[in-house]
Each structure stands twice: as C-alpha cells, then as structure tokens.
Amino acid sequence: MATLYSTHCRSFPSSSSFPSSSLSSNQSAVTFSNRFLAATVSLKSQHNLLQQVSVHTQQHDGTVGANVTPVENNHSGKRLRPELLSVLSSMESKVEDGAEKDENECTVSITVVGASGDLAKKKIFPALFALYYEGCLPKHFTICGYARSKMTDAELRNMVSKTLTCRIDKRENCSEKMDQFLKRCFYHSGQYDSPENFAALDKKLNEHEGGRTSNRLFYLSIPPNIFVDAVKCASLSASSGNGGWTRVIVEKPFGRDSESSAALTRSLKQYLTEDQIFRIDHYLGKELVENLSVLRFSNLIFEPLWSRQYIRNVQLIFSEDFGTEGRGGYFDNYGIIRDIMQNHLLQILALFAMETPVSLDAEDIRNEKVKVLRSMRPIKLEDVVLGQYKNHTRGGVAYPAYIDDKTVPKGSLTPTFAAAALFIDNARWDGVPFLMKAGKALHTKRAEIRVQFRHVPGNLYNRNFGADLDHATNELVIRVQPDEAIYLKINNKIPGLGMKLDRSNLNLHYAARYSKEIPDAYERLLLDAIEGERRLFIRSDELDAAWSLFTPVLNEIEEKKITPEYYPYGSRGPVCAHYLAARYNVRWGDLGLDVEQ
Ligand SMILES: NC(=O)C1=CN([C@@H]2O[C@H](COP(=O)(O)OP(=O)(O)OC[C@H]3O[C@@H](n4cnc5c(N)ncnc54)[C@H](OP(=O)(O)O)[C@@H]3O)[C@@H](O)[C@H]2O)C=CC1
Ligand SMILES: O=C1O[C@H](COP(=O)(O)O)[C@@H](O)[C@H](O)[C@H]1O
C-alpha cells in the first residue's frame with residue numbers, strides 16, 4: 001500500500017509527493033488540483049507499466065535492510081523515480097476505488113526522542129501543535145514522547161501544554177484545539193540504547209495505530225553521542241512493520257569535522273538508507289530562506305544581475321544579543337564556526353549562489369548546492385577572524401564573559417564570534433567575496449543577507465553624493481529575522497527644485513504586506529518530513545562538501561591555539577572583522593547609519 005498524504009494546508013504539493021518528472025517545467029507551477037489532474041492523466045497512460053513493474057513501495061522509503069529497487073525504466077526509456085512509482089501506485093488505488101481510502105487506512109506516528117529536553121519543549125511540540133491547528137497533520141496520527149525521564153502521559157501533556165501557543169491571527173477555539181491535540185500525545189520512558197525499551201514503544205505505537213498502515217517518524221532531539229544507539233534501536237525494534245515508511249530526523253551537530261561526520265553517516269547507514277535520513281538545518285525552513293529561490297528564479301530583474309558582473313560582494317550575517325547561557329557545555333566543543341557558519345550560513349550561501357536547478361525536485365536542487373559547495377576555495381586562516389565575548393557592565397547591569405559560564409572550561413579559546421571571507425571559483429562568482437559573520441552576545445539579534453552591487457559606471461550623478469562612492473551603490477537586503485523584510489537600497493532624487501540624491505529603500509516589509517503570521521521553521525520542516533519532501537534537508541554529499549570546506553581551517557585554528565579577540569558583551573564584535581572586510585574592499589552593510597531598523 002502506497003502512502004500519499006494530501007495535507008490540506010499547502011496549495012503546492014511537495015515535489016516528491018507528485019511526479020514532477022512526468023510534468024514539464026511550466027506545469028510544475030500549476031495549482032494543486034491541476035497537478036493532481038495532470039498526474040492522474042499521466043497515471044492512466046502509465047497504468048500498463050505499473051502492472052509490469054515490481055514496486056517495493058515500502059522498501060523504497062521504509063523498512064530497514066529491505067531489498068531496494070532504486071529506479072525503474074518506463075517505456076520511453078526515461079528513468080522513473082521510486083517516489084513516482086509510489087505516487088502512481090497510490091493514485092491507481094484511488095482511481096480504482098473512487099475513494100480517498102488512504103486517509104483511513106494509513107497513520108503517522110511521530111516519536112520525539114528526547115522529549116524531556118529543551119528543543120522538544122521549545123520547538124518540536126509547539127510546531128506539531130501548529131501543524132495540527134492548521135489542519136496539516138493527517139487524519140490519523142499519534143505523537144509519542146520518548147526519553148529516560150519518568151513521566152506519565154498526563155505529565156507529558158502538562159509539560160507540553162506550557163509551551164504551546166496559538167497563532168496571533170487565529171485565536172478562536174485555541175484551548176479546545178490544544179485539548180484535542182494533547183489527547184493525541186503519549187509518553188514512553190526508556191533508554192536510548194535498549195532494543196527492549198524500543199520494542200515496548202513499538203507495541204504502544206501499534207495499539208494507537210489500530211492496524212492501519214503505519215508510517216513512523218522519529219525526531220532525534222538528543223545529544224549527538226547517542227544518535228546511533230537510538231537509530232539502531234528505533235530501526236531494529238520500532239520501525240514500521242506493515243508496509244509504511246520509517247524516517248528519522250537528525251538534529252545537528254552532524255559531527256565536528258569531515259572525519260567524524262563521515263563516521264556518523266556510515267553508522268547511521270548501517271540501519272537506515274539515505275532516503276530515510278532527514279538531516280535538519282532549521283535555517284532552511286525559515287520563510288525568507290525558502291523565498292530566496294523564488295526571488296531569484298521567478299523575477300526577471302534579479303537573476304541577470306546575479307553574478308560577478310554586477311555583484312561586488314555578498315554578506316551573510318548572524319548575530320545574537322545573548323550568550324551561550326546554559327548551553328556552554330555543548331557550545332564549547334563546537335564553537336561558532338561549527339554552530340552557525342558551517343551549516344546555517346553556508347546553506348544560505350549555497351542556495352544564494354547555486355546555478356538554476358533543472359526543476360524544484362529535491363535532488364535537482366541538492367545537486368546544484370553540492371556543485372557550488374565543491375567549487376569553493378579552501379578557507380585560509382588569514383581570512384578568518386575569531387572573537388570571544390568578555391564581561392561588560394552597561395547601565396548598571398553586569399553581563400558575563402563566555403568563560404563565566406559554569407559549563408565552559410576555564411581558559412577556553414572557543415570562538416563565540418567569527419568572520420570569514422569565502423570565494424567560489426566558478427565562472428559566475430570568480431573574485432566575489434562572500435563574507436560571513438556570526439556571533440553571540442552582540443548588540444543585536446539579526447540574520448540577514450546583504451548583496452552589495454557594483455558602482456554604476458560613469459555615473460552622471462556621482463558628484464551629488466560627494467566623495468563616498470559606497471553610498472551610491474545599490475544594496476539588496478534580505479532580512480531573515482527578526483521582522484522579515486526584503487529591501488533594495490536605491491538612489492533617488494530628493495523632491496524639490498534642486499538636484500540632491502539620497503538613498504531610499506524599496507521595501508517589502510512582511511508585517512505590513514502580509515497579515516498571516518509566518519510559520520516557525522520547524523513547522524515547515526516537520527511537515528516536509530511527513531510528506532517525504534527532502535528539498536530542505538541536507539544530503540550526505542552536501543554535508544561532506546560543507547565539512548571539506550571548513551575542516552582544514554578548523555584544524556589549523558585548534559592546532560595553533562589561536563587566541564580570539566575579546567569583545568565586550570553587547571558590542572558589535574571584534575574590530576579585526578572590519579580589517580578583514582577592508583582587505584577585500586568591503587564595508588559591512590550592517591554598520592552604516594542607513595541600516596533599516
Ligand atoms: N536546544 C536548542 O535550541 C537546539 C538544539 N539542537 C540540537 O538538538 C538536540 C537536542 O537538543 P536539546 O533539547 O537542547 O538537548 P538536551 O540537552 O535538552 O537533551 C535532550 C534530552 O536528551 C537526554 N539526555 C541529555 N543528555 C544526555 C546524555 N548525556 N545521555 C543520555 N541522554 C541524555 C535528556 O532526556 P532524559 O534524561 O529524560 O533521557 C534530555 O532531556 C541536540 O542534538 C542539539 O544539539 C539544535 C539546535 C538548537
Ligand atoms: O542552531 C542553532 O541555532 C540557534 C539560533 O536559531 P534561531 O532560529 O533562534 O536564529 C542558535 O542560538 C544555536 O546556538 C544554534 O545551535
């Protein structure tokens with residue numbers, strides 16, 4: 001039995017839920033119902049084919065160690081993806097029965113492994129509730145918390161209820177919905193390395209699933225040293241046993257360098273196929289990161305400018321106005337480069353700089369991301385600035401130093417700030433500096449992409465700006481958070497009889513433009529994992545490429561015990577970051593007076 005979910009909350013089905021490879025590229029932008037029809041027509045024409053093909057739907061995406069047939073050929077000689085086969089076979093059953101029987105015959109069980117922890121409480125349960133509230137979860141679903149802590153179902157519900165919120169724009173029936181949601185949440189206590197405990201979980205899930213085809217999603221919200229134990233037990237003792245899929249969402253960190261990341265991947269692949277592993281980078285689930293490709297590829301005005309010909313530099317900036325605060329134990333083993341740059345900022349860079357993918361299919365997009373990552377020049381130590389926050393008193397309030405965190409070893413050199421210059425050695429980006437900057441305990445909380453364009457050659461209006469040409473160039477700012485916005489700085493005549501120019505913003509301010517609240521990144525990603533959409537998850541070769549880029553410089557930093565520049569808590573970070581930018585003739589865009597507040 002194939003498993004297809006129409007989740008009612010997306011007008012665009014996921015690319016892997018529908019056979020995009022059977023549609024032409026302009027068809028891929030049609031509405032849900034059109035795509036459904038197109039797929040159904042395609043289904044009828046391929047009906048005979050389906051009868052000949054041996055479709056192991058469950059193995060393609062599910063049971064561990066099953067005999068997988070990765071792709072099949074259709075009569076036109078074109079390779080048919082497994083997802084296509086599963087969707088077609090699902091649709092076939094719908095056409096024959098004339099009914100949406102999947103909804104009643106299938107169920108999804110989501111097990112949050114590490115349910116007692118910070119991330120589960122802060123992000124995962126609230127995101128699951130938001131999906132439920134929006135009607136995005138399938139009709140039959142069960143949510144199960146799993147951890148070592150002893151808790152009853154009622155205690156889990158009580159814990160979870162404290163962090164659930166309703167959408168600001170839709171408060172009606174909130175408490176009723178919460179009650180309904182909480183009734184679907186259960187708890188099971190067990191060790192992460194106990195096959196018996198996972199077998200007991202399996203039994204409990206079976207009871208809730210009531211004999212339906214079970215699809216199982218495990219969210220590993222636990223420290224990385226127990227990932228493999230949990231995956232082993234989940235896959236061997238609690239994966240779907242009756243034809244549904246089994247998927248595992250893995251949280252970062254995915255290792256701490258090329259070697260440990262490859263070892264983790266190898267270990268996970270002892271129990272799971274690559275298709276079952278959903279490596280999450282929650283920045284990919286953020287609305288404006290998701291919009292990056294829309295901006296580039298659906299507006300004629302941007303893509304032609306998207307190259308070294310017109311772009312002078314690109315800046316990827318992350319800052320937080322708080323320190324490690326209790327997470328120092330984890331953080332000290334990783335540092336800001338691994339915590340933010342190697343994943344979140346690099347992922348944004350890859351989406352920003354990749355070539356146009358063949359389609360919106362997950363593999364096409366991830367292929368392009370891998371290509372651009374592999375075109376990047378190894379990072380040189382002299383192109384990296386490191387910082388660590390020190391204590392600072394402001395307005396009578398004393399802010400601690402990083403090393404004041406009790407979970408941080410004394411004398412730690414771990415950077416809480418880093419800036420780096422990266423380069424992509426391909427035809428599009430040759431010579432364009434991509435500057436990254438990430439830091440904790442800075443003056444503001446912000447994540448943004450800044451694209452600074454070149455000067456207008458022979459600009460007639462240069463003198464109207466005075467000497468500083470930096471003030472005459474266009475800059476596109478994509479503010480990922482907070483207060484999402486996209487704005488373009490342009491030069492404009494100040495109204496009046498004279499000829500004076502100033503810089504103004506063409507501003508798409510999300511709060512003003514859209515009344516709908518922006519979903520949290522975890523909502524999008526959880527829904528994608530349920531739907532089998534892999535576009536926003538990291539493939540293992542992407543991960544390898546990302547680590548290859550950073551591992552040599554990380555090793556060098558650690559071998560040479562580079563001392564970071566100490567910056568006061570709440571400041572703008574190390575001064576050396578400006579020297580780094582200046583070396584490439586760049587001025588950080590977030591420092592000027594014209595930063596939009
Ligand atoms: N918190 C955050 O904001 C973010 C977290 N992450 C990642 O998500 C995952 C979960 O994070 P978070 O919730 O903060 O983690 P926690 O430290 O809160 O751990 C989650 C649960 O795992 C169990 N646990 C903790 N330490 C151990 C241990 N040494 N051995 C066995 N079990 C342990 C505990 O449950 P019990 O004792 O009940 O078994 C705990 O409640 C991690 O991989 C983290 O790196 C990623 C991004 C942000
Ligand atoms: O992955 C991480 O992200 C958070 C920042 O996420 P955001 O969505 O709140 O911007 C960061 O604080 C944490 O150190 C890091 O592990």
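You'll find the protein chain entered in an unreviewed UniProt entry as Glucose-6-phosphate 1-dehydrogenase, with Medicago truncatula given as the organism. The UniProt entry for the protein chain carries the following comment under Pathway (unreviewed entry): "Carbohydrate degradation; pentose phosphate pathway; D-ribulose 5-phosphate from D-glucose 6-phosphate (oxidative stage): step 1/3." Recorded under Catalytic activity (unreviewed entry), the UniProt text for the protein chain is reproduced unchanged: "D-glucose 6-phosphate + NADP(+) = 6-phospho-D-glucono-1,5-lactone + NADPH + H(+)".

Student: Give a description of the confidence of the model for the protein chain that names residues and reports values.
Tutor: Across the protein chain, the average pLDDT comes to 84, with 80% of residues at 70 or higher. Below a pLDDT of 50 lies the segment residues 1-6, which in the model reaches 22 contacts outside its immediate sequence neighbourhood of four places, other chains included. Note that residues 12-99 has pLDDT below 50 and, in this model, 125 contacts with residues that lie over four places away or in other chains. Taken over the whole predicted complex, pTM reads 0.85, whereas the ipTM for its chain interfaces reads 0.98.

Student: Please provide a residue-by-residue account of the site of ligand 2, values included.
Tutor: Close contacts around ligand 2 come from H282, E320, D339 and A447, and that covers them all. For the shell around ligand 2, the class distribution of residues is 1 nonpolar, 1 polar and 2 charged.

Student: Could you give an account of the site of ligand 1, with specific residues and numbers?
Tutor: In the vicinity of ligand 1, 19 residues are found, and the nearest of them are G117, L119, A147, R148 and S149. The element best represented in the shell around ligand 1 is helix α6 (residues 118-133), accounting for 3 residues. Counted by class, the shell around ligand 1 contains 10 nonpolar, 5 polar and 4 charged residues.

Student: An account of the sheet that holds strand β4 (residues 141-147) is requested, with residue identities and associated values reported.
Tutor: Read from one edge of the open sheet, 7 strands run β5-β4-β3-β6-β7-β8-β19, paired in mixed fashion. A single partner strand is all that each edge strand has here, and the edge strands are β5 (185-189) and β19 (537-538). With 8 bridges joining them, strand β3 (residues 106-113) and strand β6 (residues 213-220) adopt parallel strand pairing. By the bridge assignment for β6, V113 is matched with L220.

Student: Which residues make up unusual backbone geometry, and what values go with them?
Tutor: Of note, the bond from K252 into P253 is cis; its omega dihedral lies within 30 degrees of zero at 5°. Put simply, Q481 and P482 share a cis peptide bond, and its omega is -10°. As for its position among the elements, P482 is in the loop between β16 (475-481) and β17 (485-493). One non-glycine residue, A441, lies in positive phi territory at about 55°. Tracing the sequence through the fold places A441 in the loop between β14 (434-439) and β15 (446-453). C-beta crowding within 10 Å serves as the criterion here: with 29 such atoms nearby, A441 is assigned to the buried category. Backbone geometry places N585, a non-glycine residue, at a positive phi of 60°.

Student: Talk me through the packing of helix α12 (residues 287-297) against helix α14 (residues 335-353); I want residue IDs and the actual numbers.
Tutor: Between α12 and α14, whose axes approach to 9 Å, the crossing angle comes to 15°. Taken as axis vectors, α12 and α14 run roughly parallel relative to one another. The chirality of how α12 crosses α14 is right-handed. Packed against α12, whose contacting residues are V289, L292 and S293, the element α14 presents I348, L351 and F352 at the interface. Along the lines of polarity and charge, the residues of the contact of α12 with α14 split into 5 nonpolar, 1 polar and no charged.

Rules behind the numbers
- Residues numbered from 1 in each chain as written.
- Chains lettered and ligands numbered in written order.
- Predicted model: local features only at pLDDT ≥ 70, side-chain atom pairs only at ≥ 80, totals over all residues.
- UniProt positions renumbered as here; feature names shortened; annotations may be inferred.
- pLDDT = per-residue confidence, 0-100.
- Contact = placed C-beta atoms within 7 Å.
- Near = placed C-beta within 6 Å.
- Nonpolar A, V, L, I, M, F, W, Y, C, P; charged D, E, K, R; others polar.
- Helix = DSSP H or I, 4+ residues; strand = E, 2+ residues; numbered from the N terminus.
- Pairing = 2+ DSSP bridges.
- Buried ≥ 20, exposed ≤ 12 C-beta atoms within 10 Å, placed from the backbone.
- Axes fitted to C-alpha atoms, helices over the stretch in contact; angles between N-to-C directions.
- Parallel < 35°, antiparallel > 145°, perpendicular 65-115°, else oblique.
- Left-handed = near helix turned anticlockwise from the far one by under 90°.

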